[in-house]
Amino acid sequence: DAEITQSPRHKITETGRQVTLACHQTWNHNNMFWYRQDLGHGLRLIHYSYGVQDTNKGEVSDGYSVSRSNTEDLPLTLESAASSQTSVYFCASSRGAEHNEQFFGPGTRLTVL
Amino acid sequence: AQSVTQLGSHVSVSEGALVLLRCNYSSSVPPYLFWYVQYPNQGLQLLLKYTTGATLVKGINGFEAEFKKSETSFHLTKPSAHMSDAAEYFCAVRNTGNQFYFGTGTSLTVIP
């Protein structure tokens, strides 16, 4: 069955370190998204991609970057981790048509000490 | 700009009682509307969606929602709550772009 996976599921890092969160989907979806989930804020969009070599900034993109070298993967990099980036991160994907829903991965809980 | 408002960050109902979770949206064009459910330590799962056609949409686990354009609402209901319905529920709107805009979520507690 097609799926979307994230790794690691849990990560503890120190302030200033570079961290990369992996997202892999086997749906063959063009669209991929990264969100962070924080209490009281719901899900906020970090970055998104509509296809290979395409990346776009979302609502809360400062301190994050993504790259899309193939259809299946959209890794999220925290260039220099900060305590404010402690959060749960979700990756999602969708087909191109507007009425299609997003499919979510299981999430990565990141703690920055 | 899109926005989604979920009234009530916490809702408690007794087992067997009606579940009503409220969602209002702002959109300059007719939107596509979604409800997702999130169980503890899991990702979001689609409950139901409205795209076009019938305004009353039925989803999984006995949930349904009605799109009311005049009220810009898409409230989620279930006639009889079950203990397994305890979760976080998110309303989302998507317009002609590919981006989703999520509400801040409503935590549903079901009291035995």
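About the criteria used
Residues numbered from 1 in each chain as written. Chains lettered and ligands numbered in written order. Predicted model: local features only at pLDDT ≥ 70, side-chain atom pairs only at ≥ 80, totals over all residues. Heavy atoms only, no water. Core = buried A, V, L, I, M, F, W, Y, C linked by side-chain atoms within 4.5 Å. Buried < 20%, exposed > 50% of the residue type's maximum accessible area, 1.4 Å probe, protein only. Helix = DSSP H or I, 4+ residues; strand = E, 2+ residues; numbered from the N terminus. Phe/Tyr/Trp six-rings, centres within 6.5 Å; stacked < 30°, edge-to-face > 60°. Salt bridge = Lys/Arg side-chain N within 4 Å of Asp/Glu carboxyl O. Pairing = 2+ DSSP bridges. 1 Å grid on protein atoms, 1.4 Å probe; cavity = no way out; pocket = protein on both sides within 12 Å on 5 of 7 lines; lining within 4 Å. Points joined across faces, edges and corners; volume = space filled by probe spheres on them. Nonpolar A, V, L, I, M, F, W, Y, C, P; charged D, E, K, R; others polar.

(A) Spatial organisation of the nonpolar core. Within the largest apolar cluster, 27 residues are counted, with the highest numbers of intra-cluster contacts made by W35, L48, L76 and Y89 of chain B. Counting only elements with at least two residues in this core, the list comes to β2 (10-14), β3 (19-21), β5 (32-38), β6 (44-50), β8 (64-68), β9 (73-78), β10 (87-94) and β12 (106-111) of chain B. Broken down by element, the residue count for this core peaks at four residues, all from β10 of chain B. One finds I4, C23, L74 and Y89 of chain A within the second-largest nonpolar core, a separate group that totals 18 residues.

(B) Focus on the packing of aromatic side chains. Tallied over the full model, the rule gives 17 aromatic pairs over all chains. Between the aromatic rings of F34 of chain B and F100 of chain B, the centroid separation amounts to 4.7 Å while the plane-to-plane angle is 35°, which identifies the pairing as tilted. Here F34 of chain B, found in strand β5, pairs with F100 of chain B, found in strand β11 (residues 100-102); they are 66 residues apart in sequence, far enough to count as distant. By way of ring pairs, the aromatic residues F33, Y35, Y48, Y50 and F104 of chain A together with F34, Y36, F100 and F102 of chain B are connected into one cluster.

(C) Structural context of the pattern of salt bridges. With the rule as written, the count across this model stands at six salt bridges over all chains. Its salt-bridge partner being D38 of chain A, residue R36 of chain A comes within 2.8 Å of it at the nearest N-O pair. In this structure, the salt-bridge partner of E64 of chain B is K58 of chain B, at a minimum N-O distance of 2.8 Å. Since its relative accessible area comes to 22%, E64 of chain B is described here as partly exposed. Residues participating in the shared-partner salt-bridge network are R36, D38 and R44 of chain A.

(D) How the structure looks around the pairing of strand β5 (residues 42-51) of chain A. All names here are of chain A. By the criterion of burial, β5 is predominantly enclosed, with nine of the ten residues buried. Note that strand β4 (residues 31-38) and β5 share seven bridges and pair antiparallel. Within the sheet, the bridge partner assigned to F33 lies in β5 and is Y48. In this structure, the hairpin formed by β4 and β5 is closed by a connection of three residues, where G40 is found at a positive phi of approximately 85°. Relative to strand β6 (residues 54-57), β5 is paired through three bridges, and the arrangement is antiparallel. Note that in β6 the partner of Y48 across the bridge is N56.

(E) Spotlight on the pairing of β6 of chain B. Residues and elements named next belong to chain B. Sheet topology note: the β5/β6 ladder contains six bridges and is antiparallel. Its bridge partner lying in β6, W35 is registered against L48. Between β5 and the antiparallel strand that follows it, β6, lie five residues; N41 among them carries a positive phi value of about 60°.

(F) How the structure looks around the layout of surface pockets. When its volume is computed, the largest pocket comes out at roughly 590 Å³. What lines the largest pocket is a set of 28 residues, among which Q37, V88 and R109 of chain A together with Q38 and E88 of chain B lie closest to the centre. Going through the elements one at a time, β4, β9 (87-94) and β11 (108-112) of chain A together with β10 of chain B are the ones with two or more residues in the lining of the largest pocket. Each residue belonging to the lining of the largest pocket can be placed in one class, and the counts come to eight nonpolar, 16 polar and four charged. As a volume, the second largest pocket reaches approximately 200 Å³. For the second largest pocket, the lining is made up of 14 residues, of which L43, R44 and E59 of chain A together with Y101 and F102 of chain B are closest to its centre. Elements with a minimum of two residues in the lining of the second largest pocket: β5 of chain A together with β1 (3-5) and β11 of chain B. Taken together, the residues that form the lining of the second largest pocket break down as seven nonpolar, five polar and two charged.

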